[in-house]
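Geometric and topological summary
Okay, here's what each chain looks like letter by letter:
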Amino acid sequence: MKSPALAIAILALLAASNLLAQESLPLPARTVAFSADGKLLAIGYGTKEIAGGLLIWDVTKRQTALDSRHDRGVSAVAFSPDSRLIAFSIYDRPPQLLEIARNQVVAVLAEDRRGPLAFSPDGQTLATGCMDKSIPLWDVKGRADRQVLSGAKDRTYGSFTFSPDGSLLLTPCGSAGVYLWDLRTGEPRHILQHGHSFTRSALFSPDDRWIVTGGWDGTTRIWDAASGKERARLSGTGGVDALHYAADSELLAVCAGGKDVLLMKMPLSEPSSDQLAQVRTLLSRFEDDQYDTREVASAELIKLGFVAEAELKRAAAESPSAEVRIRSRRARQSILASQQGGLNGHEGTVWSGVFSPNGTLVASGSDDGTVRLWDVATRAELACIAPAKQ
């Protein structure tokens, strides 16, 4: 029989080995955000079990501007619109508000606040998650709740998004779907669901007309914000963890459980008159007597991509010609199932990918312990930041 002293020594050795193994693992970079002026990049890193922190990186100087270490990881970050403040959440702890210039915490929210957060466009309100599944809207100057949204059937996850005019708020609520809250009434206008699949990502189009959601069912869906009706469903990815949109380039960044950030051309505004004329001309060729002409028209419409989606959907439903309906349906399905170029280089799952305000850069955070900065035009990696080692 082993002696008690030997047993204690073995347990101590195992504990030390486990601690050493944990310390040798990279600390995941789970969340990233650019300041509104594009000069700063915030990185939340670490886990619930292992120490982490908040790193603010100067994009122009390519160096650390602020490094705040904590005994647990940072799960969510959000800059105020004037780039003076940053709100951040530590795992299983209430959010804090940091004044960047002085590197000073100026407020800690109520103990029951957790997880995702977002500033309103005017910077006066901070939306946060809460342990009781509500979404408090906190007055930044008054340091008190101005409104509390209640009735969601699950806790919040991922990230929140205000509409550009500040009247609506999107909150992904896990298996309950994405809630679209009308802040004037305090009630959900729509609940956008991916069946019974988990959802943790949603965003508005720049004109407020459309909503894009990502689910763990492997689809990205586009909804009419006014009616709540689904417009289109893109497939061909894994479960979607994060979405971000660059209005200037009409690119959608999708983080879908892999090591890459997918970049999809996604024009959410109405097509121009020239684009619409081109699509309709190609659709008319679906009735041509020549098979080769019909095949070329199909290929050209698929090449046009999402700009042709609405007209293809209309033709597939309304055309009196069976040939037009079938070809329109197939071309639309090809567009919605296609994956476009990605950003490759991470060695672990990518959890967050965001465009800079001018759309020229993408920052991505990964389980491999790095945040990488990419040039959108060339797809080249410009910088690799390991926040835990800064």
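Quick summary incoming for the structure in this document. Since we're looking at a predicted model, the values are computed, not measured. (Residues numbered from 1 in each chain as written. Predicted model: local features only at pLDDT ≥ 70, side-chain atom pairs only at ≥ 80, totals over all residues. Heavy atoms only, no water.)

On to the packing of aromatic side chains, then. Enumeration according to the criterion identifies 3 aromatic pairs in this entry. Each ring, one from Y157 and one from F198, has its centre 4.7 Å from the other, and the planes form 65°; the classification is edge-to-face. With a gap of 41 residues between them, Y157 in the loop between β12 (144–149) and β13 (161–162) and F198 in the loop between β16 (187–192) and β17 (199–204) connect regions that are remote in the sequence. Judged by centre distance (4.6 Å) and plane angle (35°), the rings of F198 and W216 are tilted. With F198 in the loop between β16 and β17 and W216 in the loop between β18 (210–215) and β19 (220–224), this residue pair connects regions lying 18 residues apart in the sequence. Here a set of aromatic residues connected by ring pairs shows up, and it is made of Y157, F198 and W216. One cation-aromatic arrangement involves R30 over W351; the distance from NZ or CZ to the ring centre is 4.5 Å. Over the ring of W210 we find R231; its NZ or CZ atom is 4.7 Å from the centre of that ring. (Phe/Tyr/Trp six-rings, centres within 6.5 Å; stacked < 30°, edge-to-face > 60°. Helix = DSSP H or I, 4+ residues; strand = E, 2+ residues; numbered from the N terminus. Lys NZ or Arg CZ within 6 Å of the ring centre and 35° of its normal.)

With 12 residues, helix α2 (residues 273–284) extends 16 Å from end C-alpha to end C-alpha; this agrees with the ideal 16 Å at 1.5 Å per step. If you follow the buried residues of α2, they end up packed against α3 (291–304), α4 (309–318) and α5 (322–337). (Expected span 1.5 Å × (residues − 1). Contact = heavy atoms within 4.5 Å.)

Another point: the pattern of salt bridges. Throughout the structure, instances matching the rule amount to 26 salt bridges. Between D71 and R93 there is a salt bridge, with its nearest N and O atoms 3.0 Å apart. Here D71, found in the loop between β4 (63–70) and β5 (74–79), pairs with R93, found in the loop between β6 (85–90) and β7 (96–99); they are 22 residues apart in sequence, far enough to count as distant. The class for D71 is partly exposed, based on a relative accessible area of 48%. Taking the relative accessible area as the measure of exposure, R93 reaches 29% and is therefore partly exposed. Of the charged contacts in the structure, one is a salt bridge between D217 and R221, with a shortest N-O distance of 2.7 Å. Within the structure, one salt-bridge network assembled from shared partners comprises D217, R221, E230 and R233. (Salt bridge = Lys/Arg side-chain N within 4 Å of Asp/Glu carboxyl O. Buried < 20%, exposed > 50% of the residue type's maximum accessible area, 1.4 Å probe, protein only.)

Two elements, strand β27 (residues 371–375) and strand β28 (residues 381–385), share 4 bridges in a ladder whose sense is antiparallel. Its bridge partner being in β28, R372 is matched across the sheet by C384. Here β27 folds back onto β28, and the loop between the two strands holds 5 residues, one of which, R379, carries a positive phi near 65°. (Pairing = 2+ DSSP bridges.)

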